[in-house]
Amino acid sequence: MPHFAKPAEGSWTEHYPDLGTDLVNYEDSISPEFYELEREAIFRRTWLNVGRVEQVPRVGSYFTKEIDVLGTSIVVVRSAPDQVRAFHNICRHRGNKLVWNDFPREETSGICRQFTCKYHGWRYGLDGGLTFVQQEGEFFDLDKADFGLVPVECDAWEGFIFVNFDRDNATPLRDYLGEFGRGLEGYPFGELTQVYKYRAEVGSNWKLFVDAFVEFYHAPVLHARQAVSDESQKLQKYGYEALAYQLDGPHGMVSSWGGMSPPKDVDMVKPIEQKLRSGLFGPWDDYLEAEAPPAVNPTRSPVWGMDSFHFFPNFMVLPYFPNWVITYNYWPTSYNSHIFEGALLFVPPRNAFERLQQELTAVTFKEYALQDGNTLEATQTMLESRVVSEFPLNDQEILLRHLHRTARQYVSDHQRRQPSTPVRISAAI
Amino acid sequence: MPTLPPEFADLEPFADWCLGTEAERYARRLSSSMDEMQAFYDAAFPRLEEAYTYLNRFDLHALPEDATHLLWLYYSLINVSFPVEVWRQPRVPDSGAASLAAVVEPAV
């Protein structure tokens with residue numbers, strides 16, 4: 001007996017009939033050939049979130065971002081008070097990485113008036129234009145206008161900076177983000193300037209970590225011991241049901257109940273949570289007053305706790321209205337490894353108590369994420385055994401079904417556009 | 001050894017938990033025994049409310065040095081609360097080789 005109403009079709013999955021209800025093949029997460037196709041078909045053709053505008057507060061503020069999946073590095077810079085630009089991080093003279101400190105592979109950030117190459121001193125303005133060539137007279141017919149930094153299309157949505165590596169891209173960022181993007185506009189993201197960021201190198205395909213964070217079917221089991229024991233047994237007996245799932249193009253969202261913020265009875269939570277009035281779902285007390293934008297808590301449920309928006313391919317936003325959000329980014333480094341980035345953005349605390357409340361939430365986030373992270377390598381290695389290749393996904397795993405279907409769709413569309421590309425593994429998926 | 005406000009002199013034996021970064025606090029937790037963490041928790045947890053009440057009297061961004069140490073001590077208490085209240089061991093169970101590095105954290 002469901003606790004929350006499902007669509008008239010009887011299930012969330014059947015509400016979106018293109019998804020089907022068949023077993024799902026996970027070859028897309030273990031095939032090096034599929035990964036090679038994904039790089040061009042997905043990551044070179046979609047808008048990718050690389051940071052937030054608060055990371056480039058002043059003209060000349062910049063940060064670099066390694067984009068392993070496309071074999072490049074970019075530098076993102078505020079070139080004017082109202083403009084953020086992105087460039088491939090390569091000097092036009094002889095290919096040195098332009099912006100880096102000590103270790104070329106490590107990301108960096110700072111503020112500058114211009115970019116100067118460490119190798120031969122070529123300089124570029126914040127708009128990417130080449131402004132100075134060392135011993136210019138030694139070159140042959142060199143027109144500086146032809147040797148500016150190579151731009152990458154860059155735009156911002158609600159303070160989130162995105163880039164798009166597709167030189168033929170015709171889809172504006174806001175259109176790409178679709179109805180979830182529009183429905184989140186107005187969320188006070190810009191107020192959330194108290195930032196924690198975490199990073200992990202994970203031994204799994206990038207999609208497996210998205211999988212882990214777009215279903216909560218696992219939560220009462222994998223995270224059982226994080227709750228006090230009576231509560232944990234109750235949660236496992238109930239299992240997990242979402243308030244709602246929605247799909248929009250390649251993107252998806254799940255809306256969740258959140259009985260712990262605050263809990264009905266304080267004995268349901270651990271002593272430290274009782275004392276600090278905070279936990280996994282954040283501080284129990286709201287500091288900001290704001291009206292939820294339409295995409296947040298779409299069913300307007302009184303027991304709502306949080307939403308998880310997955311913007312294809314590798315960006316997630318989890319609003320815990322209105323005082324804090326989590327974001328996730330998953331950056332593939334090979335078919336079976338990726339870099340995970342998690343950020344917690346809070347309203348700045350007004351005093352030590354609020355600061356401690358946020359610290360508890362951040363520490364709790366890490367405890368959960370470590371549990372989530374370690375299952376991924378365990379899953380990856382056994383998927384790679386290919387002992388079993390097709391898996392039953394339940395109705396609470398609709399977003400996984402959608403993610404893997406979308407990835408396969410992007411790859412097959414890409415192959416169709418390039419008929420010369422050998423169709424190596426389409427039979428397997 | 002970092003000093004604490006006089007009102008919290010009884011917590012001085014645990015002043016080596018006054019650590020300014022998450023990496024230091026987490027490393028300290030992983031290298032501590034459960035007995036050490038239980039002793040720290042038993043001493044500091046009952047004074048949590050007094051500690052934040054004391055700290056709330058200051059501007060969070062202009063804390064005296066000893067008050068900053070007290071705040072750091074309570075960041076450590078929060079970290080240690082997981083082994084003590086939940087795991088009964090320093091590490092998250094089954095977290096094996098998984099790691100999650102704090103690469104940005106608030107200045108205060």
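Keep in mind the model is a prediction, meaning the values are calculated, not measured.

1. Here we look at the overall build of chain A
Along chain A, the regular secondary structure elements total nine helices and 19 strands. Over its C-alpha atoms, taken along the principal directions, chain A stretches across nearly 80 × 60 × 35 Å. Here chain A holds 429 residues, and the buried ones make up 44% of them. Long-range contacts, defined as pairs at least 24 residues apart, comprise 65% of the intrachain contacts of chain A with a sequence gap of at least 6.

2. Let's talk about the nonpolar core
Within the largest apolar cluster, 138 residues are counted, with the highest numbers of intra-cluster contacts made by V76 and F209 of chain A together with L73 of chain B. A per-element tally of this core places helix α4 (residues 65–87) of chain B first, with 11 residues. Setting aside anything within four residues of it in sequence, one finds F209 of chain A in contact with V202, S204, Y330, H338, F340 and L376 of chain A.

3. Digging into the packing of helix α8 (residues 352–385) of chain A against α4 of chain B
At a closest axis distance of 10 Å, the pairing of α8 of chain A and α4 of chain B adopts a crossing angle of 35 degrees. As for how α8 of chain A packs across α4 of chain B, the hand of that crossing is right-handed. When α8 of chain A is examined against α4 of chain B, the residues A352, L356, E359, L360, V363 and E367 of chain A are found in contact with a partner set consisting of L71, Y74, Y75, I78, N79 and F82 of chain B. Looking at the contact of α8 of chain A with α4 of chain B residue by residue, the classes come out as nine nonpolar, one polar and two charged.

4. What about the interface of chain A and chain B?
With 29 residues of chain A at the contact, the number on the chain B side is 29 residues. For the side of chain A that touches chain B, the secondary-structure elements that each account for two or more residues are β12 (194–202), α7 (271–276) and α8 of chain A. Looking at the side of chain A that touches chain B, the element that brings in the most residues is α8 of chain A, giving 14 residues. Class assignment of the residues belonging to the side of chain A that touches chain B gives a composition of 14 nonpolar, six polar and nine charged. Note that β12 of chain A and strand β1 (residues 101–104) of chain B share three bridges and pair antiparallel. The residue of β1 of chain B that forms the bridge with R199 of chain A is A101 of chain B.

5. Considerations on the sheet that holds strand β8 (residues 123–124) of chain A
Residues and elements named next belong to chain A. With antiparallel pairing, three strands are arranged side by side in an open sheet as β7-β8-β9. Of all strands in the sheet, those with a lone pairing partner are β7 (115–116) and β9 (130–132), marking the two edges. In the sheet, β7 pairs with β8 via two bridges, with the strands oriented antiparallel. Looking at the pairing, F115 lines up with Y124 of β8.

6. Some points on the environment of R25 of chain B
Residues and elements named next belong to chain B. Here R25 is to be found in helix α1 (residues 22–30). Judged by C-beta crowding, with 24 C-beta atoms within 10 Å, R25 ranks as buried. C-alpha of R25 to C-alpha of V80: the two residues are 55 residues apart in sequence and 8.8 Å apart in space. Leave out the neighbours within four places in its chain, and R25 touches L19, Y75, S76 and N79.

7. Thoughts on the pairing of β12 of chain A
Residue and element names in this part refer to chain A. Alternating positions in β12 separate cleanly, Q194, Y196, Y198, A200 and V202 being buried on one face and V195, K197, R199 and E201 remaining unburied on the opposite face. Taken together, the nine bridges between β12 and strand β18 (residues 337–346) define a ladder with antiparallel strand orientation. Looking at β18, one finds that V202 is bridged to H338.

8. As for the packing of helix α3 (residues 48–55) of chain B against α4 of chain B
Residues and elements named next belong to chain B. In contact at an axis separation of 10 Å, α3 and α4 are set at 145 degrees when each is read in the N-to-C sense. Crossing of α3 over α4 shows left-handed handedness. On the side of α3, the interface is formed by L48, A51 and L55, while α4 contributes A67, L70, L71, Y74 and L77.

9. Here we look at the sheet that holds strand β15 (residues 304–311) of chain A
Taken in spatial order, the eight strands make up an open sheet running β13(A)-β14(A)-β15(A)-β16(A)-β17(A)-β18(A)-β12(A)-β1(B), and their pairing is antiparallel. With partners counted over all chains shown, the strands left at the sheet margins are β13 (244–248) of chain A together with β1 of chain B, one partner each. Pairs of neighbouring strands in the sheet enclose a mean axial angle of 20 degrees, with direction left out of account.

10. Digging into helix α2 (residues 34–44) of chain B
Residues and elements named next belong to chain B. Of the residues making up α2, those classed as buried are M37, F40, Y41 and A44. The buried residues of α2 occupy an angular sector of 100 degrees when the element is viewed end-on, so they sit on one face. Of the exposed residues in α2, those oriented more than 90 degrees away from the buried face are D35 and D42.

11. A look at unusual backbone geometry
Residues and elements named next belong to chain A. Looking along the chain, the bond that leaves F312 and enters P313 is cis, with omega of 0 degrees. Locating P313 in the fold gives a position in the loop between β15 and β16 (315–320). Backbone geometry places R300, a non-glycine residue, at a positive phi of 50 degrees. Relative to the assigned elements, R300 resides in the loop between α7 and β15. With 11 C-beta atoms counted inside 10 Å, the residue R300 sits in the exposed group.

12. Side note on the confidence of the model for chain B
Per-residue confidence for chain B gives a mean pLDDT of 95; residues scoring 70 or more make up 100%. Both scores are given for the predicted complex: the pTM is 0.93, the ipTM 0.98.

13. Examining α8 of chain A
In an α-helix there are 3.6 residues to a turn, and that puts residues three or four apart on one side. Given a rise of 1.5 Å per residue, 34 residues ought to cover 50 Å, and the 51 Å separating the end C-alpha atoms of α8 of chain A matches this to within 8%. At the C-terminal side of α8 of chain A, R386 of chain A shows a positive phi close to 55 degrees.

Conventions we followed
Residues numbered from 1 in each chain as written. Chains lettered and ligands numbered in written order. Predicted model: local features only at pLDDT ≥ 70, side-chain atom pairs only at ≥ 80, totals over all residues. Helix = DSSP H or I, 4+ residues; strand = E, 2+ residues; numbered from the N terminus. Buried ≥ 20, exposed ≤ 12 C-beta atoms within 10 Å, placed from the backbone. Contact = placed C-beta atoms within 7 Å. Core = buried A, V, L, I, M, F, W, Y, C linked by C-beta atoms within 7 Å. Axes fitted to C-alpha atoms, helices over the stretch in contact; angles between N-to-C directions. Left-handed = near helix turned anticlockwise from the far one by under 90°. Nonpolar A, V, L, I, M, F, W, Y, C, P; charged D, E, K, R; others polar. Pairing = 2+ DSSP bridges. Arc of directions from axis to C-beta. pLDDT = per-residue confidence, 0-100. Expected span 1.5 Å × (residues − 1).

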